[in-house]
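Chain by chain, the residues:
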Amino acid sequence: MEKYSISVVFITKCESRWHKPLFRFLEKAYGNVSTIFLNEEIKSRRLPSSGKPLVDDICCRITEHAPLIVIFDLEFSLLLSPGEVASVCKGLSCPTFGIAMDDDRFHDINREVYAGVDGILTHPLSVERYRLIGYDAFEFFPSFELCRDEGHNLNIDVHDKDIDVLSYGLLKGDRKRVFEQLKNSGVNVYHPPFNTSDAELNNLIRRSKVVINLSSGSPVANNPIQFLPFSQFKQTIFPTRQLKSRIYEVAALGTLCVSEEFAGDNLVFEGDGLITVKDSAEMVEVINNLILDNYYYEAVLVKFLSVFNSRYNLRRRVEEFRKFTDGFNLRRGVRLESGTVINACSLATKCIYSLRPLPLLRFQLDNSSFFKSLTVKVLAFFFILYSLGCVLLKRQ
């Protein structure tokens, strides 16, 4: 496949564990990836915090590389407002895309933030959500791409799996309850420390017979939007049963995943390829049956991995992604105007992260009245005070 010097510019809040497999996938599809981490850049003042200077600086960096595509990953962050995202897109000559992997909680926010991009990259259920409102969307969940060879996850010996059940992530809430129930039932269940390296975790997954997946998403903890239960964004502060990349990750490493039910689970694994349970009691029962019967376990594991490999063939997924992203007719226009609340949240976020009031003082909505811009500023000021108050209360 032809390679380019810099083929993809990726703009996000900060580096994340899931970016590693994502970048590997993008490199297989296009070539080298260049990143802009907004958190670090704005805090260190290498990037302006808002407005036209910020847009111009980002556009200048992107055009220096002349990439084939630009991807925004702005969930959990409003360091770029919807208007700024749209302005960046208008200043480019290549297709732009927004990643919306946590869309079950963020759909109402994402559709405003990404109103100016050419297409949305999201999970299967949300593809249809976006198509219903006129967005171009693609099923995109690349976290399973761990530089594996096709089908190597089928070359496994279950006798090498010396851990019955693996649980990983923060050990609290539902995960802690299920962990304790499994332990009390006599199952050999292991939960590694949270700072376990990626390589160690991958090895633990390979050694495990079953990895549990709890589909409840935790509340958003790093954005003023979390403090707005009266707005249309209130779902961000409540747990939701949603698709998690853990299912893909575990399958790619040759291990069985038992998951809580989540919206659209039949779209991810057709038929009964994925075992889903309604609650923790059923999960304990199902896992005990799997662990106690090796023949049953092997049959379920082979089916799970076969369904995964047939649907998520790496070569085909890369080709499908290139087909979706290549030759886009550039929109260069927003599908819907962003609301007062989301603009105010974005403005408050910029002030909090940059530790400066300048974004608030310089803010002016494009093509809007003085009164509307003033309303956004006043609301943003309230969000800043409210956010700081919540932080102080938590420290007491």
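Let me sum up the structure you'll find in this document.

Criteria and thresholds
Residues numbered from 1 in each chain as written. Predicted model: local features only at pLDDT ≥ 70, side-chain atom pairs only at ≥ 80, totals over all residues. Heavy atoms only, no water. Helix = DSSP H or I, 4+ residues; strand = E, 2+ residues; numbered from the N terminus. Buried < 20%, exposed > 50% of the residue type's maximum accessible area, 1.4 Å probe, protein only. Areas by Shrake-Rupley, 256 points an atom, 1.4 Å probe, with all protein chains shown as cover. Pairing = 2+ DSSP bridges. Contact = heavy atoms within 4.5 Å. Axes fitted to C-alpha atoms, helices over the stretch in contact; angles between N-to-C directions. Parallel < 35°, antiparallel > 145°, perpendicular 65-115°, else oblique. Left-handed = near helix turned anticlockwise from the far one by under 90°. Nonpolar A, V, L, I, M, F, W, Y, C, P; charged D, E, K, R; others polar. Core = buried A, V, L, I, M, F, W, Y, C linked by side-chain atoms within 4.5 Å. Phe/Tyr/Trp six-rings, centres within 6.5 Å; stacked < 30°, edge-to-face > 60°.

**Quick notes on the overall build of the protein**
- Along the protein, the regular secondary structure elements total 16 helices and 11 strands.
- Here the protein holds 396 residues, and 56% of them are scored as buried.
- Within the structure as shown, the protein displays about 17,800 Å² of accessible surface, and the carbon and sulfur contribution to it stands at 54%.

**Quick look at the sheet that holds strand β9 (residues 208-213)**
- Reading across from one edge, β8-β7-β9-β10-β11 is the order of the 5 strands in this open sheet, with parallel pairing throughout. Two strands in the sheet have a free side with no partner beyond their single neighbour: β8 (189-190) and β11 (275-277).
- Relative to the sheet, helix α12 (residues 294-311) contacts β9, β10 (256-260) and β11, its axis offset from that of β10 by approximately 85°.

**A look at the packing of helix α3 (residues 51-65) against helix α4 (residues 82-90)**
- Packing of α3 against α4 brings their axes to within 9 Å, and their N-to-C directions diverge by 40°. One way to sum up the angle between α3 and α4 is to call them oblique. Handedness of the crossing formed by α3 with α4: right-handed. Taking contact as the criterion, the partners of Gly51, Leu54, Val55, Ile58, Cys59 and Ile62 in α3 are, on α4, Glu84, Ser87 and Val88.
- Each residue belonging to the contact of α3 with α4 can be placed in one class, and the counts come to 6 nonpolar, 2 polar and 1 charged.

**Quick notes on the packing of helix α1 (residues 19-29) against helix α13 (residues 314-325)**
- Look at α1 against α13: their axes get within 9 Å of each other, and the N-to-C directions meet at 70°. With respect to each other, α1 and α13 are oriented roughly perpendicular. Contacts from Phe25, Leu26, Lys28 and Ala29 of α1 reach α13 at Leu314, Arg317, Val318, Phe321 and Arg322.
- Looking at the contact of α1 with α13, its residues break down into 6 nonpolar, no polar and 3 charged.

**Points about the pairing of strand β3 (residues 69-73)**
- The buried count for β3 comes to 5 of 5 residues, which makes it a mostly enclosed element.
- Examined bridge by bridge, strand β1 (residues 8-12) and β3 share 5 bridges and lie parallel to one another. Note on β3: the bridge partner recorded for isoleucine 11 is phenylalanine 72.
- Judged from the 3 bridges that link them, β3 and strand β4 (residues 96-100) form a sheet pairing that is parallel. Its bridge partner lying in β4, phenylalanine 72 is registered against glycine 98.

**Examining the nonpolar core**
- Membership of the largest hydrophobic core comes to 49 residues, with the highest contact counts inside it found for Ile11, Leu38, Ile58, Phe72 and Leu80.
- If near-sequence neighbours (up to four positions away) are discounted, phenylalanine 72 is found in contact with Ile11, Leu80, Val85, Val88, Cys89, Thr96, Phe97, Gly98, Ile99, Tyr114 and Val117.

**With respect to the side chain of serine 280**
- Position of serine 280 among the secondary structure elements: in helix α11 (residues 280-292).
- Leaving out residues up to four positions away in the same chain, serine 280 has contacts with Arg177, Val178 and Gln181.

**So, the environment of lysine 372**
- Note on placement: lysine 372 falls in helix α16 (residues 370-395).
- Residue classification places lysine 372 among the partly exposed residues on the basis of a relative accessible area of 35%.
- Sequence-wise, lysine 372 and threonine 340 are 32 residues apart; in three dimensions their C-alpha atoms are separated by 8.0 Å.

**As for the sheet that holds β4**
- Pairing is parallel across the open sheet formed by 6 strands, whose spatial order is β2-β1-β3-β4-β5-β6. Only two strands of the sheet have a single partner each, and these edge strands are β2 (33-37) and β6 (137-139). For this sheet, the mean angle separating the axes of adjacent strands, direction not counted, is 25°.
- Where β1 and β2 come together, 5 bridges link them in parallel fashion. Paired with valine 9 across the strands is serine 34, a residue of β2.
- The sheet contacts of α13 involve β3, β4, β5 (119-122) and β6, and relative to β6 the element is tilted by about 175°.

**Details of the packing of aromatic side chains**
- All told, the structure shown has 11 aromatic pairs when counted by the stated rule.
- Each ring, one from phenylalanine 97 and one from phenylalanine 324, has its centre 5.9 Å from the other, and the planes form 45°; the classification is tilted. Of this pair, phenylalanine 97 sits in strand β4 while phenylalanine 324 sits in helix α13, placing them 227 residues apart in sequence. Both residues of the pair, phenylalanine 97 and phenylalanine 324, belong to the buried class.
- Chaining the aromatic ring pairs together yields one cluster made of Phe25, Tyr30, Phe97, Phe138, Phe140, Phe321 and Phe324.

Everything listed is a geometric property; what it means functionally is a separate question.
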